[in-house]
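# Structure at a glance
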Amino acid sequence: MELTGAQILLESLRREDVEVVFGFPGGAVIDIYDQLPNYPLKHVLARHEQGAIHAADGYARASGRVGVCLVTSGPGATNAVTGIATAYMDSVPVVIITGQVPTPLIGNDAFQEVDIVGITRPCTKHNYLVKDVRDLARVIKEAFYLAATGRPGPVLIDLPKDVQQAKCEYKYPKTIKMRSYNPTYAPNPKQVAKVADVVRKAKKPIIYAGGGVIASAASDDLIWLARTHDIPVTATLMALGCFPADDPLWLGMLGMHGTYAANLAISHADLILAIGSRFDDRVTGKLSEFAKNAKIVHIDIDPTSIQKNVAVHIPVVADCKSFLAALRQTLEAAPAGAATEEAPPAPGRHAAWLERIDAWKAEKPLTYAADSKVIKPQQVVEVISRLTKGQAVITTEVGQNQMWAAQFYQFTRPRSFISSGGLGTMGFGFPAAIGAQMACPDRLVIDVAGDGSIQMCIQELATAVCYDLPVKIVILNNGYLGMVRQWQELFYAKNYCATCLDVAPDFVKLAEAYGAAGYRLTDPGQVESVLAEAFALPKTVIVDVVIDREENVAPMVPAGKSITEMILV
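The rules behind each value
Residues numbered from 1 in each chain as written. Predicted model: local features only at pLDDT ≥ 70, side-chain atom pairs only at ≥ 80, totals over all residues. Heavy atoms only, no water. Salt bridge = Lys/Arg side-chain N within 4 Å of Asp/Glu carboxyl O. Helix = DSSP H or I, 4+ residues; strand = E, 2+ residues; numbered from the N terminus. Buried < 20%, exposed > 50% of the residue type's maximum accessible area, 1.4 Å probe, protein only. Contact = heavy atoms within 4.5 Å. Core = buried A, V, L, I, M, F, W, Y, C linked by side-chain atoms within 4.5 Å. Pairing = 2+ DSSP bridges. Axes fitted to C-alpha atoms, helices over the stretch in contact; angles between N-to-C directions. Right-handed = clockwise from strand over helix to strand, strands pointing away. 1 Å grid on protein atoms, 1.4 Å probe; cavity = no way out; pocket = protein on both sides within 12 Å on 5 of 7 lines; lining within 4 Å. Points joined across faces, edges and corners; volume = space filled by probe spheres on them. Nonpolar A, V, L, I, M, F, W, Y, C, P; charged D, E, K, R; others polar.

## Some words on the pattern of salt bridges
- By the definition in use, this model includes 21 salt bridges.
- Where Arg61 meets Asp57, a salt bridge forms, and the shortest distance between an N and an O atom there is 2.5 Å. One end of the pair is Arg61 and the other is Asp57, both in helix α3 (residues 49–63) and four residues apart, which spans about a single turn.
- With relative accessibility at 10%, the residue Arg61 sits in the buried group.
- Salt-bridge contacts for Asp247 lead to Arg227; the nearest nitrogen and oxygen are separated by 2.7 Å. Taken as a pair, Asp247 in the loop between β10 (233–235) and β11 (250–253) and Arg227 in helix α11 (residues 219–228) lie far apart in primary sequence, 20 residues in all.
- Classification of Arg227 by relative accessible area gives partly exposed; the value is 44%.
- A single network of salt bridges, built from pairs that share partners, joins Glu11, Arg14 and Arg15.

## Some details on α11
- Summarising burial for α11: seven of the 10 residues are buried, a large majority.
- Looking at α11, one finds that the buried residues are Ser219, Asp221, Leu222, Ile223, Trp224, Leu225 and Ala226.
- Buried residues along α11 sit against β9 (205–209), α10 (211–215), β10, β12 (271–275) and α14 (320–333).

## Details of the nonpolar core
- Grouped together as the largest cluster of nonpolar side chains are 75 residues, with contacts concentrated most on Leu273, Ile384 and Leu531.
- The contacts of Leu531, once residues within four sequence positions are left out, are Val380, Val383, Ile384, Leu387, Val474, Leu521 and Val543.
- Of all hydrophobic cores here, the second largest spans 50 residues; its members include Val44, Ala60, Phe430 and Ile473.

## Brief notes about the sheet that holds strand β5 (residues 94–100)
- One open sheet accounts for six strands, arranged β3-β2-β4-β5-β7-β6; its pairing is parallel. Looking at the sheet topology across the chains shown, the edges are occupied by β3 (42–45) and β6 (126–129). The mean angle between the axes of side-by-side strands here comes to 20°, regardless of whether they run parallel or antiparallel.
- Pairing of β5 with strand β7 (residues 154–160) involves seven bridges; the strand directions are parallel.

## Concerning the pairing of β6
- Where β6 lies against β7, four bridges are found, and the strand directions are parallel. Paired with His126 across the strands is Val155, a residue of β7.
- In terms of handedness, the path from β6 via helix α7 (residues 136–148) over to β7 forms a crossover that is right-handed.

## Regarding the sheet that holds β9
- The parallel open sheet is built from six strands, whose spatial order is β11-β10-β9-β12-β13-β14. Two strands in the sheet have a free side with no partner beyond their single neighbour: β11 and β14 (314–317). The mean inter-strand angle of the sheet, taken between neighbouring strand axes irrespective of direction, is 15°.
- With four bridges joining them, strand β13 (residues 295–300) and β14 adopt parallel strand pairing. The residue of β14 that forms the bridge with Asp300 is Val317.
- Packing of helix α9 (residues 189–201) onto the sheet brings it into contact with β12, β13 and β14, and relative to β14 it is tilted by some 135°.

## Some words on the layout of surface pockets
- The volume enclosed by the second largest pocket comes to roughly 560 Å³.
- Its residues assigned to classes, the lining of the second largest pocket comprises 10 nonpolar, eight polar and seven charged.

## Overview of the environment of Ala362
- Residue placement: Ala362 occurs in helix α15 (residues 351–363).
- Under the relative-accessibility criterion, Ala362 is labelled exposed at 61%.

Below is the structure:
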């Protein structure tokens, strides 16, 4: 059958089982929007293109599916760039469709023309400018394949207006094969055998889990490895939820704002199993001091991530789930309980190591000084965790709110923590919560926000209310750009330049103006009752929590220091 380019796009999205498209219309995509009502796709109209791409990102992270974003050319496309870069840094599968001026006008500085392919080349996994309608179906199939396979990431399709209007015979490819792109999923058996050998011999092992564990749905396999072989687990910000926080083997997050036990454990380990992580600077601290006595095993589907930041003793290019399945098979063939000269019988082989870790946990646990007169942000997160029993989807903005959520919420399942890790994008959490709520309509979705970052995409309140999304926004309001203020306090002699938010909206009135519900909390004794009431409301809610103005996130590792050099108070 003969279809226009706009029809080919929408029919192809249908065949990719796309359910939701987040977007904002404009002249360069009006042909697509003209056809949209004819297709069984739910379109969510954001109030800004950055909100649309963050929502598609949140949808992808919460569901494990590819998120889809549709925006117009020029400023519509450039408004989405921050969200595209956010998805790229955190390896999130998103397909972005941008409108473009007609092909004869490309390069002529036409109205709302911008080279979005050139602009996004450094922050997409791949991108396309489609100049022939006959290529469109194949390009869409390739885009979804690229976004979801290997190391996931955003893929952009730039679609000129005349290509949307042109017609051709439609045939959608059933499969795709790209000679230049063949990610390695299965691990090399020889490398797996080496890993099994060092696991058996290690006296002080630790699992350092990254976002790849969640992306590959490998949490259950990781839990088996940890529990069967008595290996403690720490994780990056992106991997929170991959291992249950109520398990005795859980150490908490590591790195700049990681726990005392996690940072000391990885620094004293003799074996680090780095699974789906990338050794970023927030984890390692001073590289020359990082895990100097450990043998490092690095498993990652992206070969360019291995040896990139730290020297690795056993590299394994593989999908995390495939690797863990192969490792389990190898270990079960020669169980850990089998005694050798190097390793005494297990279980209990790591008893001394686990006792030492338990001592670190007891020595410096995550804590704060409660106050009967002023609300502490940590208390708020603890109450959220208790009320939701660790079952909510928590999104965050970026800054102190993000770190308190990561530290004090007890995550029990994967895809429950959605936050901008690599790029650190303020304004991400609320539109991401909208996307997560669309993906998980039966789950409670809560954005833990700061009073600075929430204002960056606050217009998406209209989106949440318009689609009857019961997203909850808990603002930890300290009247500052909190994390920057904390750095100014600790390292710049309290020179609070440009971080005090002297003028701020009344968030309760703002919520009501958009048709949402609003609460304000100032009494520590009412935190639980007010949050419980807010969470029970079947509508969008803002809870403005006035917190201790100069409460800091601790622990904190100063820039350039070893992760053992923590500021603990």
